[in-house]
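Now for the letters of each chain:
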Amino acid sequence: MLRLAALAALVVPLAAHAQHAGHGTAGPPAGTSTPSTDLILGRIDVRTSATGEAAREIETGMLALHSFWYEEARDHFVAAQRLDPGAALAYWGEAATHDHPLWSQHDSTAGRAVFARLDSVRAAGTLRSTARETATLDALRALFATGPALSVRRDRYAEATARLAAADPTDDEAAVFAALAAMSQDAFDLNTAASVVPVAAGLEDVVLRNPEHPGAVHYLIHAYDSPAFARLGLRPARAYAALAPASSHALHMPSHIFRELGMWAEKEASNRAAWAASVAWQERTGRPVAARDYHALTWLLDALLAQGRFADARAVLAVAEADAALAAQRGEEAGYPAATALSLPAAYLRTARVAGLPGVAFPVPDGLDVASTEPGALYGLALRAALSGQDDVLAAIVAAGAVATRDAPPSVASTVAADVAFLDALRLHAHGDARAFDAAREAVRLDVEANPTDAPTSPAHVLLADLLLARGDAAASLAMYRAMAAAYPNRANTALGIARASAATGDTAAARDAYAALLQTWTRADAGLPAADEARAYLAAQLAP
């Protein structure tokens, strides 16, 4: 569950995992309606040579860009060019919408096309650009240059934006874009203070000067999005949605911190609002169904499952299925809706098994052409196949994933290897094969090797902890589950694992606390969940004379 969004590991590191792992690749076609400059997206001070309505369009585009609302931002920057073809920053902004650094998405071809138009305007002698704007354009141009690998270009861009920020400490836009560029470098590690503290410090300075700066608040949430720093992210998380309620991403983003802290009701509310806003925007602008925020829908499902609300979770699955059907009916590209509809049942299935629900089955549909399936669906489909004992289907999915990631960098390849090992262990476990234990240990080893600074909470760790308990090694299982709970609180599966392992070691007090914690997390859960009944029965037995 914890890695469904981050690990579509069989997918090209997710330049494709349904829109920000959800928010689009190069983006759908521009909307059919005129973009509105009355959107509530925060407050910034844009230094541009443009004036009048063009300047206003640039400001709105920049505000949208700070909320990763790339398609909306592009509409405004293009509108600014129509109003004032010589406005340099309008071209910078449009090019910037083709780079989504924290989503591993980058369209060099589209970005270079914008710079080609910019150069034509310059050659005609009609481009207006201050020295600051020229330096800003030059820095971004390097990101879209031909030749060097993208990682090299990102490093160069980060260095250039850092110089711009240092040259004028009062320029908040330079400071926030420098922070974002730093976070997009391969060397940046969310789990280490050496990476996080310098970036966060610069962003916090901007927030002190302008508490309504959406970029500074937004990027702080990203910087603090890890177990080590999540509590520092609660303040910006509480602020961001109120700053930019027009943006579905701004409404969703606080839930990254809520997830880290196990605040499920808040995560649910955040993503309900985000999903609704994205649907309203898609309908208002005439975009395809795929422009909706399926990342928020995925996280809404996660929040409901975490609370044990399986009936409500079923409704989310139905929304995804209906959207996939609607896109197909309209003759649109149905990649994101279809991928979501195919992959989400895996999360439901895994959590239902934790809860002990009988009769829940989501096998991969018969006749599905795995090789041509949207890459973003592969990991979820692989989970469904592994849990359903569909060995041949699982093998086909893994093969398709190998094709999709054959040109991936070594860091992605190592994560893919760990995930494939986990899927194999899951397959063996589904068949009751004793070899599942050694396979799970190998999957954990590969996972740690691929992600050495991550908390020990991957699905492979969960499976190994379960298998340790089943083998009678309750102490080792308990140690693993306690490590998971320390990193990510208020998870039903960890509470249940701690409770069972503690009971097996004879620590009734710890078992009582864990079962009580499970019931607290499931305060709004559906009636009749077997795991909840187990918890109540244990607590009642402990209270009996």
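Here the structure is a predicted model, which means the values were calculated and not measured.

Each helix and strand in the chain was counted, giving 25 helices and two strands. Counting every position in the chain, which comprises 545 residues, the buried fraction comes to 56%. Within the chain, contacts between residues separated by at least 24 positions form 66% of all contacts whose residues are at least 6 apart in sequence. About 21100 Å² of surface is accessible on the chain, with carbon and sulfur atoms providing 57% of the total. Positive and negative side-chain charges of the chain, numbering 44 and 59 respectively, have mean locations separated by a distance of 1 Å.

You can see A382 is positioned in helix α17 (residues 378-387). Note: C-alpha distance between A382 and P363 (19 residues apart in sequence) is 9.9 Å.

As a further point, take the nonpolar core. L301, Y348, F422 and W522 are the most contacted members of the largest nonpolar core, which has 87 residues in total. Looking at this core element by element, the count peaks at eleven residues for helix α16 (residues 335-355). Sequence-distant contacts of L301, that is, excluding residues within four places in its chain, are made with A313, V316, L317, L344 and A347. Counting 77 residues, the second-largest nonpolar core is a separate cluster that includes I44, A50, A88 and L220.

Further remarks concern the packing of aromatic side chains. Taken as a whole, this structure holds eleven aromatic pairs when the rule is applied. Centre to centre, the rings of W92 and F177 are 5.2 Å apart; their planes meet at 75°, and the pair counts as edge-to-face. Here the residue W92 occupies a position in helix α3 (residues 88-96), and F177 occupies one in helix α7 (residues 172-183), the gap between them amounting to 85 residues. Among the aromatic side chains, those forming a connected cluster through ring pairs are F68, Y70, W103 and Y219. Sitting over the ring of F437, R471 keeps its end group 3.7 Å from the ring centre.

For α7, with twelve residues, the first-to-last C-alpha span of 17 Å sits near the 16 Å given by 1.5 Å per residue. Counting buried positions over the twelve residues of α7 gives ten, a clear majority of the element. Every buried residue of α7 is accounted for by D172, E173, A174, V176, F177, A178, A179, L180, A181 and M183. Packed against the buried residues of α7 are α1 (52-66), α3, α5 (131-143), α6 (150-167), α8 (193-209) and α9 (214-223). Two or three places before E173, at the opening of α7, D171 has a side-chain oxygen 3.1 Å from that residue's backbone nitrogen.

Moving on: the confidence of the model for the chain. Averaged over all residues, the pLDDT of the chain is 90; the fraction at 70 or higher stands at 93%. Per-element confidence in the chain is highest for α9, whose mean pLDDT is 98, and lowest for helix α18 (residues 391-404), whose mean pLDDT is 89. Overall, residues 1-32 carries pLDDT values under 50, and its contacts beyond four positions in sequence, including any with other chains, amount to 115 contacts.

Close contact between helix α4 (residues 108-123) and α5 brings their axes to 12 Å; oriented N to C, the two are set at 145°. The way α4 lies across α5 gives a crossing that is left-handed. Side by side, α4 and α5 meet where F115, L118, D119 and R122 of the first sit next to L137, L140 and R141 of the second. Its residues assigned to classes, the contact of α4 with α5 shows four nonpolar, no polar and three charged.

Moving on, we come to empty space enclosed by the protein. As enumerated under the stated definition, the model contains six cavities of 30 Å³ or more in all. Its volume calculated, the largest cavity comes out at about 260 Å³. The wall of the largest cavity is formed by 17 residues, among which T136, D171, E173, A174 and F177 lie closest to the centre. Considering every element that reaches the lining of the largest cavity, the biggest residue donor is α5, with four residues. Empty space within the second largest cavity amounts to approximately 150 Å³. The element that contributes the greatest number of residues to the lining of the second largest cavity is α7, accounting for three residues.

This part is about the layout of surface pockets. In this structure, the second largest pocket encloses a volume near 850 Å³. Around the second largest pocket, the lining comprises 36 residues; the ones closest to its centre are R350, V354, V462, D466 and N493. The set of elements that each furnish at least two residues to the lining of the second largest pocket consists of α14 (294-306), α16, α19 (410-430), α21 (459-470), α22 (474-487) and α23 (492-505). Of the residues forming the lining of the second largest pocket, the biggest block, seven residues, is contributed by α21. The class makeup of the residues in the lining of the second largest pocket is 21 nonpolar, nine polar and six charged.

Below, the discussion takes up α17. The α-helix advances 3.6 residues per turn, and as a result positions three or four apart in sequence lie on the same side. Among the ten residues that make up α17, ten are buried, leaving the element largely enclosed by the rest of the structure. Every buried residue of α17 is listed here: L378, Y379, G380, L381, A382, L383, R384, A385, A386 and L387. As for α17, its buried residues are in contact with α16, α18, α19 and α21. Phi turns positive one or two residues past the end of α17, at G389, with a value near 70°.

Below, the discussion takes up the packing of helix α20 (residues 436-450) against α21. α21 packs onto α20 with a crossing angle of 145° between their chain directions and a minimal axis gap of 9 Å. Note that α20 runs across α21; the crossing there is left-handed. Across the interface between the two elements, A436, F437, A440, R441, A443, V444, D447 and V448 from α20 touch A460, H461, L463, L464, L467 and L468 from α21. Residues that form the contact of α20 with α21 fall into these classes: eleven nonpolar, one polar and two charged.

What follows deals with the pattern of salt bridges. Within the structure shown, the criterion is met by 29 salt bridges. A salt bridge links R132 to D171; the nearest nitrogen and oxygen atoms lie 3.1 Å apart. Separated by 39 residues along the polypeptide, R132 in helix α5 and D171 in the loop between α6 and α7 bring together distant segments of the chain. Assessed through its relative accessible area of 25%, R132 is described here as partly exposed. The shortest N-O distance in the salt bridge between R209 and D172 comes to 2.7 Å. Of this pair, R209 sits in helix α8 while D172 sits in helix α7; the two residues are 37 residues apart in sequence, bridging distant segments of the chain. Judged by relative accessible area, which is 43%, R209 ranks as partly exposed.

Checked against the element boundaries, Q307 lands in the loop between α14 and α15 (310-329). Since its relative accessible area comes to 5%, Q307 is described here as buried. Of note is the side chain of Q307, whose polar atom sits 3.1 Å from the side chain of E268. Within the structure, Q307 has its side chain in polar contact with the side chain of R309 (distance 3.3 Å). Apart from residues no more than four positions distant in its own chain, Q307 is found in contact with W264, A265, E268, T521, W522, R524 and A525.

Conventions adopted
Residues numbered from 1 in each chain as written. Predicted model: local features only at pLDDT ≥ 70, side-chain atom pairs only at ≥ 80, totals over all residues. Heavy atoms only, no water. Helix = DSSP H or I, 4+ residues; strand = E, 2+ residues; numbered from the N terminus. Buried < 20%, exposed > 50% of the residue type's maximum accessible area, 1.4 Å probe, protein only. Contact = heavy atoms within 4.5 Å. Areas by Shrake-Rupley, 256 points an atom, 1.4 Å probe, with all protein chains shown as cover. Lys, Arg positive; Asp, Glu negative; His and termini not counted. Charge placed at Lys NZ, Arg CZ, Asp CG, Glu CD. Core = buried A, V, L, I, M, F, W, Y, C linked by side-chain atoms within 4.5 Å. Phe/Tyr/Trp six-rings, centres within 6.5 Å; stacked < 30°, edge-to-face > 60°. Lys NZ or Arg CZ within 6 Å of the ring centre and 35° of its normal. Expected span 1.5 Å × (residues − 1). Polar contact = N/O pair within 3.5 Å; in protein donor to acceptor, adjacent residues only side chain to side chain. pLDDT = per-residue confidence, 0-100. Axes fitted to C-alpha atoms, helices over the stretch in contact; angles between N-to-C directions. Left-handed = near helix turned anticlockwise from the far one by under 90°. Nonpolar A, V, L, I, M, F, W, Y, C, P; charged D, E, K, R; others polar. 1 Å grid on protein atoms, 1.4 Å probe; cavity = no way out; pocket = protein on both sides within 12 Å on 5 of 7 lines; lining within 4 Å. Points joined across faces, edges and corners; volume = space filled by probe spheres on them. Salt bridge = Lys/Arg side-chain N within 4 Å of Asp/Glu carboxyl O.

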